[in-house]
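A look at the structure
Residues per chain are reported as follows:
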Amino acid sequence: MVLALLSWIDAVMAASSQGFVDSWSRLERGYRRPFSRAARRLKFAFYPLLACAALLWLGWDWSHARSLDAAEDAIFDKVIKWRPLEPKPSGRVVVVEIDDCSIEYFRIQNQGGWPWSRQRHADLLDVLDRAGVSAVGYDVLFPEASQQDPIGDATLEAMAEGGAGRFLFAASRAHVDFDAGAPLRASAGPSAFALRPRPKDNPPVAVLLPYGEAMTEHSAITNITRNEDGVLRDIPLRENVGDWALASLPLQLAIVTSKRSARSYHASVRPNWRRDSRLPFVSAADLLADKPVCETRAPLPPLRGRVVLVGHTAQGLNDAKPTPVNAMMPGVEVMAEATEALVAGTAIDSPPTWVKYVLAAILVLLTVFAFFRGEPANDIDSIFLATNLLLLSVSFVGLTAFGYFFDIFASVGFVSLCFGLCRLYAGVQRGRAVGNNDFLAGFDPDVDRWLVMARLRFASHAELDAQSAARRRREYRRRLRRFLYAGRDAVMLEGVVERKSWLHETLDDMTVLVWKGVDEAAARRTAQHDLDALYIHLNEHDGRLDDDGVVKVCVVAAQIDDGRDASDRGERLRLREVLGRVLNSPGEWPLSGANTFNAKEGLNNRGTVRDRRKGPRTDVV
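In this text the structure is predicted, and so the values were computed from the model without any measurement. (Residues numbered from 1 in each chain as written. Predicted model: local features only at pLDDT ≥ 70, side-chain atom pairs only at ≥ 80, totals over all residues. Heavy atoms only, no water.)

Quick notes on the overall build of the protein chain
When helices and strands are tallied, the protein chain shows 18 helices and 18 strands. Rg of the C-alpha trace for the protein chain: 39 Å, well past the compact-globule value of 25 Å for 621 residues, more than 25% over. Overall, the C-alpha framework of the protein chain stretches about 120 × 80 × 50 Å when taken along its three principal axes. Counting over 621 residues, the protein chain shows a buried share of 45%. (Helix = DSSP H or I, 4+ residues; strand = E, 2+ residues; numbered from the N terminus. Rg over C-alpha atoms; globule rule 2.2 N^0.38 Å. Buried < 20%, exposed > 50% of the residue type's maximum accessible area, 1.4 Å probe, protein only.)

In structure tokens:
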């Protein structure tokens, strides 16, 4: 019972599989044969057309959407999170956070919650000054004087004046729509500097400034513009307004500590974003209370000589920003990462944007040219994959060890798409050349009674060394494929043995071409026409194959399926014997521009061999 059930299941699966394969084959032929007919008309013009389309798209993308740039940003996000090692912070930048613990500590002390008094901010700045910090960036807006704490306002203003530029306060750049009626000129904006030696354009600019005169003088903008996809990767260091620029808080801190000119810095910086090895953090309450009152990250980092960023990280207060490593990174930490990149020199460098477009264009041209010359060997696929893996490894190493991101992955991906289209089209050309039924109608012995088979091999001259001879054989096979892929009447039989097998070196120089015809004369005329054209194709270039060797040809003609074989051997077995003869026959002639040895009238002079058994007649030249 069980065996019967298993047999029934096996029979059903076999029948279903056969039906599916037949149906799928008909479906494939339904769309592949039209492609084959189109490829026969288009020939190798497809590749220059693909190159033109690819270059036009690259030019359009560069001037419009910049999709390659956007794709590269997404790849950067993955690479920076997947890298095995993160660079440790230099320790030169410290974040003092006004966190939930700091706010709750003073609320419990009955000293008020948030917002803090101006006096408390002044006290925090005083503690940092006494600790010997080199500079402080205060990422908290003080747009108006406090009615409840005038003494604290005065103290904070005095701290700004006494710091002589070491203490920088936050200013906010308003939307450009508000510039027209603004009383402030760009040259008088926060930390403004000229972009050119003799600035002329000095338009009005709308900026929300701190309330005090000294605080206004020592302020910098804290606006951060995200990338187009909403993720913050590159932090702008200035806001250009006419011939002037307003420095950002990280840029002004770097200027104060390094004494470099503002124009010596780039317009933006890409920090070496970290997920695990974050910058040193200190709770503001710990500094104000002069003891660890919050959950500390012991030991507390040293502050002397450090650049400090002060800002709120408490829930509901911090202006969180999405970054490649953290979807909710506090704004003060973003500022600190930018400052770290400038002060410690750890910014991520990458080639200019135009490099990836130029590289993509060059690689596309090389890829298309390689297929235009003739379908490359399948080894190029493995080489292409290995190259991509190598580039990925180089990118990981460069980003981890040297802070350099070689952002060419989107370019390689675009080239891979073009490579795949080229390989797909070459597959259509090859399918027709080798007689694949999905691309070319099957052989009908009732219509085409005669076949002509030609064995071709390239024999290099004896004076060539082994390396030169191998190179010329590869060139011969490439030109032969290009000749047949262009759309000929011949069908190519390759793969006598598996490629790279132990017999491949012996048989890799052999190719068999097959022509069909309604009679012997028609089949031979077709064969001679293609062989004459093949000779011209092989020798029309500067590197003539005749200069380094000769293509030798052996031709066999056979009549098949004449209905005279009623034995169990059948006509197909006799046809295989014909193939065996063309592979084994010792007679061969050099390929020339007029291959008269293939003409029927030449057989009587060359000799005729007839099959003495009942079956197909075979003439071997």
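Points about the packing of helix H5 (residues 118-130) against helix H6 (residues 150-163)
Two numbers describe how H5 lies on H6: the axes approach to 7 Å, and their chain directions differ by 30 degrees. Accordingly, the angle class assigned to the pair H5 and H6 is roughly parallel. Crossing of H5 over H6 shows left-handed handedness. Contacts between H5 and H6 involve Arg118, Gln119, His121, Ala122, Leu125, Asp126 and Asp129 from the first element and Ile151, Gly152, Asp153, Thr155, Leu156 and Met159 from the second. (Axes fitted to C-alpha atoms, helices over the stretch in contact; angles between N-to-C directions. Parallel < 35°, antiparallel > 145°, perpendicular 65-115°, else oblique. Left-handed = near helix turned anticlockwise from the far one by under 90°. Contact = heavy atoms within 4.5 Å.)

Things to note about the packing of aromatic side chains
Under the counting rule described, the total for this entry stands at 18 aromatic pairs. Relative to phenylalanine 371, the ring of tyrosine 47 has its centre 6.1 Å away and its plane inclined at 20 degrees; by these criteria the two rings are stacked. Placement of tyrosine 47 in helix H2 (residues 46-63) and of phenylalanine 371 in helix H11 (residues 353-373) is noted, with a sequence separation of 324 residues between them. In this structure tyrosine 47 comes out as buried when scored by relative accessible area, which is 1%. Using a relative accessible area of 1% as the deciding quantity, one classes phenylalanine 371 as buried. The rings of Phe44, Phe46, Tyr47, Phe371, Phe372, Phe419 and Tyr425 are connected pair by pair, giving a single aromatic cluster. Lying across the ring of phenylalanine 281, arginine 278 places its NZ or CZ 4.5 Å from the centre. Taking the ring centre of phenylalanine 44 as reference, the NZ or CZ of arginine 482 above it sits at 4.1 Å. (Phe/Tyr/Trp six-rings, centres within 6.5 Å; stacked < 30°, edge-to-face > 60°. Lys NZ or Arg CZ within 6 Å of the ring centre and 35° of its normal.)

Describing a nonpolar patch on the surface
On the surface, Met1, Val2, Leu3, Leu5, Leu6, Trp8, Ile9, Val12 and Met13 cluster together into a nonpolar patch covering about 1000 Å² of accessible area. Within the fold, leucine 6 resides in helix H1 (residues 2-42). (Patch = residues over 30% accessible without salt bridge, like charges linked within 9 Å, V, L, I, M, F, W, Y side chains within 5 Å. Areas by Shrake-Rupley, 256 points an atom, 1.4 Å probe, with all protein chains shown as cover. Salt bridge = Lys/Arg side-chain N within 4 Å of Asp/Glu carboxyl O.)

Considerations on H1
Given a rise of 1.5 Å per residue, 41 residues ought to cover 60 Å, and the 59 Å separating the end C-alpha atoms of H1 matches this to within 8%. In H1, a bend of some 25 degrees at glycine 30 exceeds every other bend along the element, and proline 34, a proline, comes one to four places later. Where H1 is concerned, the buried positions are Glu28, Ser36 and Ala39. Tucked inside the fold, the buried residues of H1 contact helix H13 (409-433). Two residues or fewer past H1, lysine 43 is found with a positive phi of approximately 55 degrees. (Expected span 1.5 Å × (residues − 1). Bend = angle between axes of the 7 residues up to and from the residue.)

So, the environment of phenylalanine 406
Inspection of the secondary structure assignment puts phenylalanine 406 in the loop between helix H12 (379-402) and H13. With 58 residues separating them in the primary sequence, phenylalanine 406 and isoleucine 348 have C-alpha atoms 10 Å apart. Every residue in contact with phenylalanine 406, bar those within four places of it in the chain, is listed here: Pro351, Leu391 and Ser395.

Describing the pattern of salt bridges
Tallying each qualifying case throughout the model produces 23 salt bridges. When the shortest N-O distance is used, the salt bridge between lysine 321 and aspartate 319 registers 3.0 Å. Salt bridges sharing partners connect three or more residues here, namely Asp73, Asp77, Arg233, Asp234 and Arg270.

Topic: the pairing of strand E9 (residues 244-247)
Residue alternation in E9 divides its side chains into two sets, Trp244 and Leu246 and Ala245 and Ala247, and both sets are buried. Inspection of the sheet shows strand E4 (residues 192-194) paired to E9 by three bridges, in the antiparallel sense. Pairing of phenylalanine 193 across the sheet is with alanine 245, part of E9. Where strand E8 (residues 238-241) and E9 come together, four bridges link them in antiparallel fashion. Looking at the pairing, valine 241 lines up with tryptophan 244 of E9. (Pairing = 2+ DSSP bridges.)

Comments concerning the state of the cysteines
One pass over the structure, following the stated rule, counts one disulfide. The thiol sulfur of cysteine 422 is not disulfide-bonded, and the nearest other cysteine sulfur, from cysteine 418, lies at 6.8 Å. Assessed through its relative accessible area of 0%, cysteine 422 is described here as buried. (Disulfide = S-S within 2.5 Å.)

Description of helix H16 (residues 520-538)
Its 19 residues place the ends of H16 27 Å apart at the C-alpha level, agreeing with the 27 Å of an ideal helix rising 1.5 Å per residue. Counting buried positions along H16 yields 14 of 19 residues, so the element is predominantly enclosed. Structurally, the start of H16 carries an N-cap: the backbone nitrogen of alanine 521 is 3.4 Å from a side-chain oxygen of aspartate 519. (Polar contact = N/O pair within 3.5 Å; in protein donor to acceptor, adjacent residues only side chain to side chain.)

A closer look at the side chain of threonine 222
Tracing the chain through its elements places threonine 222 in the loop between strand E6 (219-221) and strand E7 (235-236). For threonine 222, a relative accessible area of 15% translates into the label buried. Contacts of threonine 222, omitting those with residues within four sequence positions, involve Asp139, Ala170, Ala171, Leu249 and Met335.

Quick notes on the side chain of serine 191
Mapped onto the elements, serine 191 comes out in the loop between strand E3 (167-173) and E4. Aside from chain neighbours lying at most four places away, what touches serine 191 is Ser219, Ala220, Ala245, Leu246, Ala247 and Gln252.

A closer look at the environment of histidine 121
Tracing the backbone through its elements, the reader meets histidine 121 in helix H5. What makes histidine 121 buried here is its relative accessible area of 2%. For histidine 121 and phenylalanine 178, which are 57 residues apart along the polypeptide, the C-alpha to C-alpha distance reads 30 Å. Setting aside residues no more than four positions away along its own chain, histidine 121 makes contact with Ile98, Trp114, Trp116, Tyr138, Val140, Phe142 and Leu156.

Considerations on the sheet that holds E9
Reading across the sheet, the three strands line up as E4-E9-E8 and stay open at both edges, with antiparallel pairing between neighbours. Only two strands of the sheet have a single neighbouring strand rather than two, namely E4 and E8. Geometrically, the sheet is characterised by an average inter-axis angle of 30 degrees between neighbouring strands, direction not taken into account.

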